[in-house]
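Close look at the chain arrangement
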Amino acid sequence: MTLPEDFGSIALKENDLTPTEDELQQQVDNLLNQYTSSQPVTGRSAQSGDVANIDYTGTVDGVVFTGGTATGYDLTLGSHTFIDGFEDQIIGHNIGDTFDVTVTFPEGYGDSTDAEGNTITLSGKEAVFSVTLNAITQSVVPTLTDEWVETNFAASDDLHTADALRQYFDSALYANNLDNAVMDYLLNNATFKEIPTQITSYYIRMFLNYHSQLATQYGMELNAYAQAKGYADANAMLADSDAYFEHLAKQDLVFQAIAEQLDITPTQEQIDSVNSSYADTYGAQRSMLNALQLAVLDKVEESAVLS
């Protein structure tokens, strides 16, 4: 590959990097939503967005199957956590109601067993769940005030006012915009002869491993999991990410090329900034590569020309 000639003095516009008020407010809203509290709901039926506490027992062809029964389960209506149609059939019911929910397991869904250990096929089968609605709660989002910031972020982040919190997000968004602008420029202006399959294959394996683990958690085969996400099968889901795998591979090549040309090695601080759990998951070599990429970005951004 060939780097752009001006990679050491990229020209950027300050206005393109400065966060908008809408972007800042989105960050604030996302944070406040993380601190929602639950409030009991009375006097109305369940609606989308509520958390319904339910007991349920599922049967296929009249037989109770393993994994289809729970007591006191909190289900967020509209989250699509359960099989399509399950949550929709709870909406409109009141606390204390007992009712049937009828759904169909997707093709490829894993088998279960009955009480005696006999195999119960769930793939493509209609299931009836007897559901009791025990309670309804709704989420209450806090209001951004100086007092709220002081309570939640004074000790951990030395933030004491709403304005200080907004400034924190402003700086973080600016830094992120700068990272993206530099990376976009490098990728758009570098020349790639070919992308080594060893790199794209690495990202494909990571992708498949991640989604295979999720499918296992849901008790599904990978193809059924992909279908639940709207794809024809796992191959279609994988193909939909081909461009992203290529993008990641190009980033790796650009970082490596700049590091070699400028003789960049990560500092201990940059190495330490990579979460230790990341190395445990993806290996020390990948963790070191991430630290190197941080070092390259820092160097290129220091020499960028802002106007």
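Residues numbered from 1 in each chain as written. Predicted model: local features only at pLDDT ≥ 70, side-chain atom pairs only at ≥ 80, totals over all residues. Heavy atoms only, no water.

1. Remarks on the overall build of the protein
For clarity, the threshold we go by: In this text, helices come from DSSP runs of H or I with a minimum length of four residues, and strands from runs of E with a minimum of two, each type numbered from the N-terminal end. The globule rule is 2.2 Å times the number of residues to the power 0.38, and the radius of gyration it is compared with is taken over C-alpha atoms. Relative accessibility under 20% of the residue-type maximum defines a buried residue, over 50% an exposed one, and the middle range a partly exposed one, all with a 1.4 Å probe and only protein chains included. The contact definition used throughout considers only heavy atoms, calling two residues in contact when any of these lie within 4.5 Å. Using a 1.4 Å probe, the Shrake-Rupley method yields the accessible areas, and only the shown protein chains count as cover for residues.
Helices and strands together make up the secondary structure of the protein, namely 11 helices and nine strands. Whereas a compact globule of 307 residues would reach a radius of gyration of roughly 19 Å, the protein reaches 25 Å, over 25% beyond that. Expressed as lengths along the three principal axes of its C-alpha atoms, the size of the protein is roughly 70 × 50 × 30 Å. Burial statistics for the protein: of 307 residues in total, 36% are counted as buried. The contacts in the protein between residues at least 6 apart in sequence include a share of 68% that link residues at least 24 apart. For the protein, the accessible area works out to roughly 17,700 Å², and carbon and sulfur atoms hold 47% of it.

2. Re unusual backbone geometry
Phi at D61 takes a positive value of approximately 55 degrees, unusual for a residue other than glycine. Secondary-structure assignment places D61 in the loop between strand 3 (51–60) and strand 4 (63–76). Given the relative accessible area of 64%, D61 is considered exposed. Positive phi is not limited to glycine here, since H80 has a value of about 60 degrees. Tracing the sequence through the fold places H80 in the loop between strand 4 and strand 5 (98–104). Classification of H80 as exposed rests on a relative accessible area of 61%.

3. Let's talk about a negative patch on the surface
To be explicit about the condition: Patch construction takes residues with relative accessible area above 30% that form no salt bridge. Like charges are linked within 9 Å, and nonpolar side chains (Val, Leu, Ile, Met, Phe, Trp, Tyr) are linked within 5 Å. The rule for a salt bridge is simple: a side-chain nitrogen of Lys or Arg has to be within 4 Å of a carboxyl oxygen of Asp or Glu. The sign given to each residue is positive for Lys and Arg and negative for Asp and Glu; His and the chain ends receive no count. Note that the charge is assigned to NZ on lysines, CZ on arginines, CG on aspartates and CD on glutamates.
Where like charges cluster on the molecular surface, the negative patch consists of E269, D272, D298 and E302. Sorting the residues of the negative patch by element identifies helix 9 (268–273) and helix 11 (284–303) as the ones contributing at least two each. Examined against the element boundaries, D272 turns out to sit in helix 9. The exposure class assigned to D272 is exposed, which follows from its relative accessible area of 54%.

4. Thoughts on the pattern of salt bridges
Tallying each qualifying case throughout the model produces three salt bridges. Between R44 and D50 there is a salt bridge; the shortest N-O distance is 2.8 Å. Exposure remark for R44: the relative accessible area of 24% places this residue in the partly exposed category. Of the charged contacts, one joins K125 and D61 as a salt bridge, the two residues approaching to 3.4 Å between their closest N and O atoms.

5. Describing the pairing of strand 5
What counts here: One bridge is not enough; two strands pair if DSSP finds at least two bridges between them.
Side chains F99, V101 and V103 project from strand 5 onto a buried face, and the interleaved T98, D100, T102 and T104 project onto a face without burial. One ladder, built from seven bridges, connects strand 5 with strand 8 (residues 126–140); its direction is antiparallel. Counterpart to D100 in the pairing with strand 8 is S130.

6. Some points on the packing of aromatic side chains
The condition is simple: Working definition: a ring pair exists when centres of Phe, Tyr or Trp rings (six-membered ring for Trp) sit within 6.5 Å. Plane angles under 30 degrees give stacked, over 60 give edge-to-face, the rest tilted.
The tally for this structure, following the rule as stated, stands at 16 aromatic pairs. The interplanar angle of 75 degrees and the centroid separation of 5.2 Å between the aromatic rings of F86 and F129 together place this pair among those described as edge-to-face. Taken together, the positions of F86 in the loop between strand 4 and strand 5 and F129 in strand 8 put the pair 43 residues apart, joining distant regions of the chain. Note on F86: relative accessible area 2%, which makes it buried. Since its relative accessible area comes to 6%, F129 is described here as buried. Through successive ring pairs, a cluster of aromatic residues spans Y56, F65, Y73, F82, F86, F105, Y109 and F129.

7. Digging into the nonpolar core
The condition is simple: Put simply, buried Ala, Val, Leu, Ile, Met, Phe, Trp, Tyr and Cys residues joined by side-chain atoms within 4.5 Å make one nonpolar core.
Core analysis: the largest hydrophobic core is formed by 66 residues, its most contacted members being I54, F86, F105, F129, V254 and I258. A total of nine residues in this core trace back to one element, the largest contributor, which is helix 8 (residues 242–262). Listed in part, the 13 residues of the second largest apolar core include L144, W148, F153 and L159.

8. Observations regarding the packing of helix 4 (residues 162–189) against helix 8
Where we set the bar: Fitting a line to C-alpha atoms yields each axis, with helices limited to the stretch in contact; the angle taken between N-to-C directions then spans 0 to 180 degrees. Oblique is the label for any angle not covered by the other classes, which are roughly parallel (under 35 degrees), roughly antiparallel (over 145) and roughly perpendicular (65 to 115). Amino acids outside the nonpolar list (Ala, Val, Leu, Ile, Met, Phe, Trp, Tyr, Cys, Pro) and the charged list (Asp, Glu, Lys, Arg) are all regarded as polar, and Gly is one of them.
Viewed as axis vectors pointing N to C, helix 4 and helix 8 meet at an angle of 95 degrees, and their least axial separation amounts to 10 Å. With respect to their mutual orientation, helix 4 and helix 8 come out roughly perpendicular. Between helix 4, through M183, L186 and L187, and helix 8, the contact on the second element is made entirely by H247, K250, Q251, V254, F255 and I258. For the contact of helix 4 with helix 8, a count of residues per class yields six nonpolar, two polar and one charged.

9. Digging into the environment of N188
Take N188: it is sitting in helix 4. A residue is classified by how much of its surface remains accessible, and N188, at 64% relative accessible area, is exposed. For N188 and P4, which are 184 residues apart along the polypeptide, the C-alpha to C-alpha distance reads 9.1 Å.

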